[in-house]
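# Coordinate analysis (summary)
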Amino acid sequence: MDPEIQKMREVVLVYLDRSGGLQKFVHDCKKYNDSKQSYAVYRFIISINPSDIAELDATLGNYILHNPLQAAQIFQSVCFVAIKTLSLIEQLQTEAQISILLKPTHLPPLPSYVLSLSAYPFNYTSQRFYMSEGIVIAMGTVTKYTQGARFLCTEETCPFSEGFRCIRVHCPGATESATVRTDFVCSLCSSPLQEDMKFRVLGDKQIVEIIDAKILNALKGYSIDKSYFRIQAFTLFLRDELANKMTIGNHYRIIGIPACVQNGLQVTACIEVNSVQLYKPNGPSFVNDNFKYLLSLTSSSCWRFTAVLANIFASQVVPPGTYNTLKLAILLSLVQTCEKENADYLDLLIMTSDTLVIDRLLNYSLCLLPRGIRHPPSSDIFPSVSKDKHGTGSASIQACSAVLAKGGICYIGDLSSYKKDKLELLQSVLESRTTTVFIPGKKYGEEADQQVTVSVQTNFWSFVDVDSSSKKHLQKENFLIGQMDVSLIPVNLVDGFGLLIYNEFPSCRLSSPVVHHTLKKAINPEAMLYKVSQQFRTQDYEEFILFARNLHVELSSEAESLIQGYYLASRRVRRDSIHGSTLSASALKILISLAKAHAKLSLRQRVLEEDAVIAVLLLESSLTLKHGTSALCVAPNPVFPFDLSDENSLQQRDIYLMQCHHQLLKFIAAYSPGIHINTNEE
């Protein structure tokens, strides 16, 4: 025996003893032994820490990292000797029956161990461990594969005609035909081998496709990065305990062995996954100094900081001071994005006649998040099913805009351009935040039909062109005061969006800056037209949004009482004799989401009454557009009643909002007397 191999075997035994792997191995053997059943293959998973192995023996450490299949054979021989010496599995006969799967805890943080899905050349020929990462864009259903099988020689006099001498075990990248087929011959007498079917060992297999996270930049409506790159989806094989460990739309880091799989005349590069880890990038731990300075300047009021933020936001697309209500709503929606279950969502539906500018503004805002997706009209918004292209014939669930925008924004464009069935599906998703994919069993080789529920964790943005929609149908005549005609869109769908915003075309006084801005940008797209664009760059807003959305905020008792009081009062005021209350049950969630978002945008971790006032004014304005004015009777543009040009205008706005606060307290006292709220008589 090679002395170097013998030395590595000794090191393996020492490592297993020190790391606790030997104890786990003995425990796994006990489960096999207790079953009293003979298997063709006994499968063991051994966790490997490459750093600890390298400290014990550098040669073995290098062997595991660069020749994992051969290294597994060394572990196999050590485990076989341990089983026989300690009599761990009575049914085991030969070393070939042991299948060892080495799982490294990590790989060295060096470029040579990283397999980039977008880099060229793609090194898939060396069967060693690599680390890679990407976003899951397609998932197949779980099917069966052969882990191992027992073959017997058809020549009765041959020693291989009995026992467990001829064992075939699945290797990374191998197809089913490489493990079991009918043309194998005996290595001893060259007679045909025949499989003993009762000893076939089956395992679970799932085919997943991932793609480099750079694809998200290509799916944004507007991008600062002008670089060009080629991206291609890549196939992963998840086996046994890793099946169903991935979720469509999530970002993962994986360790695996690349291989080539041949399907007819087609060869596909793939990775046999060894370990899976959910990847969650950390947000910035600070904000730009200019934002800190602005926060200190506006610290005298809880409303000023967010007002200035909205006023100067997106100055690369629209002049400062225009579309302030819409820009504030966009910022609130941006900071209310996360990948948590039961998150606070904030969807926006904009009624406008100025679709070109609004589209540019929404496109620009998407790039502030890692996952801002503009939905292309030619594809599906929600997941669809297709036949797996790797020859299995099973179903594969394909990702879509809404799933790829997980934890971000899905901008679906003009809502009136979608057909009725798409709008009904969107309404269902807005209500439940899930969508169900139906998989017919007959079509995809399954015995029964399946239904797979996919979580949709994203905010939706959309707009409706008021001018075009008014031409498509007859206008209603019996409008209430303040109510808009939104009859082109189903009422329940409109209620599904958190905020309905009517963005009128800027008045004659404001249209001039917009026209000048558009003309100057057309002549010189890269020009910085305003000083504020240099002080608060797009990159600064990106960092600010990522920092603010990670803040954990809690409702104060005062804010909670104000929100509950307004909600109960509005349910009593907004009702008719036929349908009851016109206020949807989701309105309370929307109020809380708005208040939390305003606190985050103010870089606070506690929701104050001032945040609740802004939430109420925005929602009441939205409800007025849907159902007409109520007894609260807010102004058409309650959050920004006039232009913000200097400190005096900010002071006037504070006075106005305090009056709104006082008016809100009186409204609650009149229509929801059971709610106790501390009023400030000052």
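Rules used throughout
Residues numbered from 1 in each chain as written. Predicted model: local features only at pLDDT ≥ 70, side-chain atom pairs only at ≥ 80, totals over all residues. Heavy atoms only, no water. Helix = DSSP H or I, 4+ residues; strand = E, 2+ residues; numbered from the N terminus. Buried < 20%, exposed > 50% of the residue type's maximum accessible area, 1.4 Å probe, protein only. Contact = heavy atoms within 4.5 Å. Pairing = 2+ DSSP bridges. Phe/Tyr/Trp six-rings, centres within 6.5 Å; stacked < 30°, edge-to-face > 60°. Lys NZ or Arg CZ within 6 Å of the ring centre and 35° of its normal. Axes fitted to C-alpha atoms, helices over the stretch in contact; angles between N-to-C directions. Expected span 1.5 Å × (residues − 1). Salt bridge = Lys/Arg side-chain N within 4 Å of Asp/Glu carboxyl O. Parallel < 35°, antiparallel > 145°, perpendicular 65-115°, else oblique. Left-handed = near helix turned anticlockwise from the far one by under 90°. Nonpolar A, V, L, I, M, F, W, Y, C, P; charged D, E, K, R; others polar. pLDDT = per-residue confidence, 0-100.

Scanning the protein from terminus to terminus reveals 22 helices and 23 strands. In the protein, which comprises 682 residues, the share counted as buried stands at 51%. Restricting to contacts in the protein with at least 6 residues of sequence separation, those with at least 24 account for 74%.

Take the pairing of strand β1 (residues 42-48) next. Taking every second residue as pointing to the same face, the buried face of β1 carries Tyr42, Phe44, Ile46 and Ile48, while none of Arg43, Ile45 and Ser47 on the other face is buried. Both β1 and strand β2 (residues 98-104) contribute to a ladder of 7 bridges, which runs parallel. Pairing of isoleucine 48 across the sheet is with proline 104, part of β2.

Turning next to unusual backbone geometry. Phi is positive for serine 190, close to 65°, though the residue is something other than glycine. You can see serine 190 is positioned in the loop between α6 (176-179) and β6 (193-195). Look at serine 190 and you get exposed, because its relative accessible area is 56%. In this structure, arginine 433 is a non-glycine residue whose phi angle is positive, near 60°. Examined against the element boundaries, arginine 433 turns out to sit in the loop between α13 (420-432) and β16 (434-439).

Applying the stated criterion across every chain yields a total of 17 aromatic pairs. For the ring pair tyrosine 566 and phenylalanine 667, a centre distance of 6.3 Å and an interplane angle of 45° mean the geometry is tilted. Taken together, the residues span a long stretch of sequence, with tyrosine 566 in helix α19 (residues 557-573) and phenylalanine 667 in helix α22 (residues 647-671) at a distance of 101 residues. Both residues of the pair, tyrosine 566 and phenylalanine 667, count as buried. An aromatic cluster of three or more residues is present, and its members are Phe291, Phe305, Phe313, Tyr364, Phe536, Tyr541 and Phe544. Across from the ring centre of phenylalanine 184, 4.0 Å away, lies the NZ or CZ of arginine 168, which sits over that ring. Residue placement shows arginine 653 over the ring face of phenylalanine 640; its charged tip is 4.7 Å from the ring centre.

This paragraph deals with the pairing of strand β3 (residues 130-140). Judged by how many residues are buried, β3 sits mostly within the fold: 9 of 11 residues are covered. Relative to strand β7 (residues 201-211), β3 runs antiparallel, the two sharing 4 bridges. For alanine 138, the partnering residue across the bridge sits in β7 and is glutamate 209. For β3 and strand β14 (residues 395-398), the ladder comprises 3 bridges, and the chain directions are antiparallel. Residue pairing across strands places alanine 138 opposite glutamine 398, the latter belonging to β14.

Another point: the sheet that holds strand β18 (residues 459-465). With parallel pairing, the 5 strands of this open sheet are ordered in space as β12-β15-β18-β11-β19. Looking at the sheet topology across the chains shown, the edges are occupied by β12 (372-374) and β19 (499-503). Direction aside, neighbouring strands of the sheet carry axes that sit 20° apart on average. Bridge count between strand β15 (residues 409-414) and β18: 4 bridges; the pairing is parallel. By the bridge assignment for β18, isoleucine 409 is matched with asparagine 459.

A few words on helix α20 (residues 587-601). In this model α20 runs 21 Å from its N-terminal to its C-terminal C-alpha over 15 residues, within 8% of the 21 Å that 1.5 Å per residue would give. Burial analysis of α20 places 12 of its 15 residues in the buried class, which makes it a mostly covered element. Three or more residues of α20 are buried, namely Ala587, Ile590, Leu591, Ser593, Leu594, Ala595, Lys596, Ala597, His598, Ala599, Lys600 and Leu601. One or two residues past the end of α20 sits leucine 603, with phi positive at roughly 60°.

Counted by the stated rule, this structure contains 24 salt bridges. Residues arginine 150 and aspartate 196 are paired through a salt bridge, measuring 2.8 Å at the closest nitrogen-oxygen approach. Of the two residues, arginine 150 sits in strand β4 (residues 143-153) while aspartate 196 sits in the loop between β6 and β7, which places them 46 residues apart along the sequence. Taking the relative accessible area as the measure of exposure, arginine 150 reaches 10% and is therefore buried. Among the residues examined, aspartate 196 registers a relative accessible area of 11% and is labelled buried. Two residues, arginine 304 and aspartate 654, come together in a salt bridge whose shortest N-O distance is 2.7 Å. With arginine 304 in helix α9 (residues 304-312) and aspartate 654 in helix α22, the pair connects residues that are 350 residues apart, well separated along the chain. Each of the two residues, arginine 304 as well as aspartate 654, counts as buried.

Right, let's talk about the packing of α19 against α22 for a bit. Remark: α19 packs on α22, axes separated minimally by 9 Å, with the N-to-C direction vectors making an angle of 60°. Classified by the interaxial angle, the pair formed by α19 and α22 is oblique. Remark: the crossing between α19 and α22 carries left-handed chirality. Packed against α19, whose contacting residues are Leu562, Gly565, Tyr566, Ala569, Ser570, Arg572 and Val573, the element α22 presents His661, Leu664, Leu665, Phe667, Ile668 and Tyr671 at the interface. Residues of the contact of α19 with α22, tallied by class, amount to 9 nonpolar, 3 polar and 1 charged.

Quick look at α19 now. Given a rise of 1.5 Å per residue, 17 residues ought to cover 24 Å, and the 24 Å separating the end C-alpha atoms of α19 matches this to within 8%. By the burial criterion, the buried members of α19 are Ala559, Leu562, Ile563, Gly565, Tyr566, Tyr567, Ala569 and Ser570. Taken together, the buried residues of α19 touch β20 (554-555), α20, β23 (606-607), α21 (609-627) and α22.

Per-residue confidence for the protein gives a mean pLDDT of 85, with 89% of residues at or over 70. Low pLDDT, under 50, characterises residues 505-510; the stretch is placed with 8 contacts to residues that sit more than four places away or in other chains.

Moving on, we get to the packing of helix α10 (residues 324-335) against α20. In the contact formed by α10 and α20, the axes pass within 9 Å of each other and the chain directions differ by 90°. The pairing of α10 with α20 is recorded here as roughly perpendicular in orientation. Contacts from Leu328, Leu331, Leu332 and Val335 of α10 reach α20 at Leu594, Ala597, His598, Lys600 and Leu601. Of the residues that constitute the contact of α10 with α20, the class distribution is 7 nonpolar, 1 polar and 1 charged.

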